[in-house]
Amino acid sequence: MSDTFEHEFGGQHTDIKLEIVEKYLKRYSAALHTWCDQVWYIDAFAGTGRRTVRVKAREGDLFEEPVPEQVEHRRGSAKIAIDIEPPFDRLVFMDVKPKHVAALEALKAEHPSRDIDVLEGDANKLIKSEIAWEGWRKTRAVMFLDPYGMEVEWDTLRRIAETKAIDVWYLFPLSGLYRQAARDLAKIDGAKERAITRMLGTDEWKQELYSDAPRPAANLLFDMEPVDVRQRNADVAGLEQYVQKRLKTIFAEVLDPFPLPAIERPQKFSLFCAISNPSKRAISLAQSFGGSIVKSMPASHHRTGR
């Protein structure tokens, strides 16, 4: 692979994330192809399709020789989706970065027999334009949202849910929300407030995540009145629960999220699976997929408690 297309990122949580999504894609494609005319995969932040991983050097001991640092090239989400059997009928890869788009075009060229579209631009705009059509009755899709930050807008999620045909795997940036939603509501400036509202789809988070703190005593020396203070009453787990609650207002079902990293703290991400199809069959299928994936994962990848 050309150095031009190198995309170095991720750690153990990236491996777990991609493993979970791959397991779901395999089950989804096998099941949906038995009754659906078209089954698609859409990757809104596809990167280069591959990723470069540096494996740290390991010192030797009495039993093992020392191992130098190694550089490995592993599959990213786009390449994983291409490899799924039975194959997706159409794959759509999006990215805002020209270098990533060039790498995706090269990946597409490696598979000339496949129906692959590579789109460059803002994911929110591309998703809205790409899914605005009337063919969803006979088509189903899985969309992977793995944003670089807090880019995914609530209106984009709402449009996806309205198709009633797309399952969404959304790597929610929980640590980003935690940083933006400061402990003291008064310390959140206008820009951060708008960013949180765009991501959660409501400004009611200010009432639902914050409550009045005990008022400090008046400053008798300067005859100052005590100031009202509203503080966030949700910790990381509480924020995750709130996001799931919000997603359930527009999606037919939202599976319990996978915490990432799974064990180490602080938790940085929540990997949600949201189902837009309200039929009992679709919901039951997604729940069974999710349950089987949980059972298949090593114990070290399971949630250890909120």
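Here the residue numbers are simple positions, counted from 1 along each chain's written sequence. Predicted model: local features are reported for residues with pLDDT of at least 70 only, side-chain atom pairs are reported and counted for 80 or more only, and whole-chain, interface and lining totals are derived from all residues. Think of the side-chain values as coming from all heavy atoms in the structure, minus any hydrogens and water.

Colleague: Just checking my understanding: could you explain the overall build of the chain for this structure?
Modeller: Put simply, DSSP marks the helices as runs of H or I at least four residues long and the strands as runs of E at least two long, and each gets a number from the N terminus on. Counting its regular elements, the chain contains ten helices and twelve strands. Buried residues are those whose accessible area, probed at 1.4 Å on protein chains only, stays under 20% of the maximum for their type, while exposed residues exceed 50% and partly exposed ones sit between those limits. Out of the 306 residues in the chain, the part that is buried amounts to 48%. Residue pairs in contact within the chain that sit at least 24 positions apart in sequence constitute 73% of those at least 6 positions apart. Computed with a 1.4 Å probe, the accessible areas rest on the Shrake-Rupley method; for each residue, only the protein chains presented here act as cover. As presented, the chain carries roughly 15,600 Å² of accessible surface, and 51% of it is formed by carbon and sulfur atoms. Contact criterion: two residues are considered in contact whenever any of their non-hydrogen atoms come within 4.5 Å of each other.

Colleague: Help me understand unusual backbone geometry, please; the structure alone is not making it clear to me.
Modeller: With glycine set apart, most residues show a phi of negative sign, and most peptide bonds adopt trans. Cis geometry marks the peptide bond from Glu85 to Pro86, where omega comes out at -5 degrees. By the element assignment, Pro86 lies in the loop between helix H2 (77-83) and strand S4 (90-95). Along the chain, Leu260 connects to Pro261 via a cis peptide bond; the corresponding omega equals -5 degrees. When you line up the elements, Pro261 lands in the loop between strand S11 (258-260) and strand S12 (269-275).

Colleague: Just to check I follow, could you spell out the pairing of strand S5 (residues 116-120) for this structure?
Modeller: Looking down a regular strand, the side chains alternate between one sheet face and the other. Across five bridges, the pairing between S4 and S5 is parallel. Bridge pairing links Asp95 to Glu120 in S5. Any two strands with at least two DSSP-identified bridges between them are counted as paired.

Colleague: Explain the environment of Ile16 to me, please; I cannot follow it from the model alone.
Modeller: Structurally, Ile16 can be placed in helix H1 (residues 12-32). Residues Ile16 and Pro261 lie 245 residues apart in sequence; the distance between their C-alpha atoms is 8.4 Å.

Colleague: Looking at this model, I keep getting lost on the packing of aromatic side chains. Mind explaining?
Modeller: Given two aromatic rings, one states the distance between the centres and the angle between the planes to describe the pair. Centres within 6.5 Å are what make two rings of Phe, Tyr or Trp a pair, Trp counting through its six-membered ring; a difference in plane orientation under 30 degrees is then read as stacked, over 60 as edge-to-face, and the rest as tilted. Throughout the structure, instances matching the rule amount to 13 aromatic pairs. With centroids separated by 5.6 Å and ring planes inclined at 75 degrees, the aromatic side chains of Tyr170 and Phe172 adopt a geometry described as edge-to-face. Both residues of the pair, Tyr170 and Phe172, belong to the buried class. Site record: aromatic cluster; members linked through ring pairs are Tyr24, Tyr28, Trp169, Phe258 and Phe289. We call a charge positioned above a ring when the Lys NZ or Arg CZ atom is no farther than 6 Å from the ring centre and deviates by at most 35 degrees from the ring normal. Geometry around Trp35 places Arg281 over its ring, the cationic atom sitting 4.6 Å from the centre.

Colleague: Help me understand the environment of Trp40, please; the structure alone is not making it clear to me.
Modeller: Following the sequence through the fold, Trp40 ends up in strand S1 (residues 38-43). Trp40 sits in the buried class, given a relative accessible area of 8%. Residues Trp40 and Asp89, spaced 49 residues apart in sequence, show a C-alpha to C-alpha distance of 5.7 Å. Sequence-distant contacts of Trp40, defined by excluding residues within four places in its chain, comprise Phe88, Asp89, Arg90, Trp133, Trp136, Thr139, Arg140, Ala141 and Val142.

Colleague: Honestly, the packing of helix H4 (residues 123-130) against helix H5 (residues 154-162) in this entry has me stumped. Any pointers?
Modeller: Helix-helix packing is described using two parameters, namely the angle between the two axes and the distance between the axes. Two elements in contact, H4 and H5, have axes separated by 10 Å at closest approach and are oriented at 20 degrees. For the element pair H4 / H5, the angle class is roughly parallel. The two elements H4 and H5 meet at a crossing, and its hand is left-handed. Along its contact with H4, which presents Asn124, Ile127 and Lys128, the element H5 presents Asp155, Thr156, Arg159 and Ile160. A fitted line through C-alpha atoms represents every axis, and for helices the fit uses only the stretch in contact; the resulting angles, taken between N-to-C directions, go from 0 to 180 degrees. Roughly parallel means an angle under 35 degrees; roughly antiparallel, over 145; roughly perpendicular, 65 to 115; everything else is oblique. Here is the rule for handedness: rotate from the far helix to the near one, and if that takes an anticlockwise turn smaller than a right angle the crossing is left-handed, while a clockwise turn gives right-handed.

Colleague: Looking at this structure, I do not really get the nonpolar core. What am I missing?
Modeller: Here, nonpolar core means buried Ala, Val, Leu, Ile, Met, Phe, Trp, Tyr and Cys residues that are tied together by side-chain atoms lying within 4.5 Å of each other. Counting 44 residues, the largest nonpolar core has Leu145, Ile160, Phe172, Trp205 and Phe251 as its most contacted members. Those residues in contact with Trp205, other than ones at most four positions away along the chain, are Leu185, Ile188, Glu193, Ile196, Thr197, Leu200, Tyr210 and Tyr242. Core analysis: the second largest hydrophobic core is formed by 42 residues, Ile16, Leu18, Ala46 and Cys273 among them.

Colleague: How should I be thinking about the side chain of Thr202 in this particular structure?
Modeller: With respect to the helices and strands, Thr202 occurs in the loop between helix H7 (190-200) and helix H8 (205-208). Sequence-distant contacts of Thr202, defined by excluding residues within four places in its chain, comprise Thr197, Tyr242 and Arg246.

Colleague: What should I look at first to understand helix H9 (residues 236-247) in this one?
Modeller: One full turn of an α-helix is made of 3.6 residues, so residues set three or four places apart face in the same direction. Here the expected span of a helix is defined as 1.5 Å times the quantity of residues minus one. In this model, H9 (twelve residues) spans 17 Å end to end at C-alpha, consistent with the 16 Å of a helix rising 1.5 Å per residue. In terms of residue burial, H9 counts as a mostly covered element, since nine of its twelve residues are buried. Within H9, the full set of buried residues consists of Ala237, Gly238, Leu239, Glu240, Tyr242, Val243, Gln244, Arg246 and Leu247. For this analysis, a polar contact is any N or O atom pair within 3.5 Å, provided that within protein one partner can donate a hydrogen and the other can accept it, and provided that sequence-adjacent residues contribute only side-chain to side-chain pairs. Capping of H9 at its N-terminal end is provided by Asp235; its side-chain oxygen lies 3.2 Å from the backbone amide nitrogen of Ala237.

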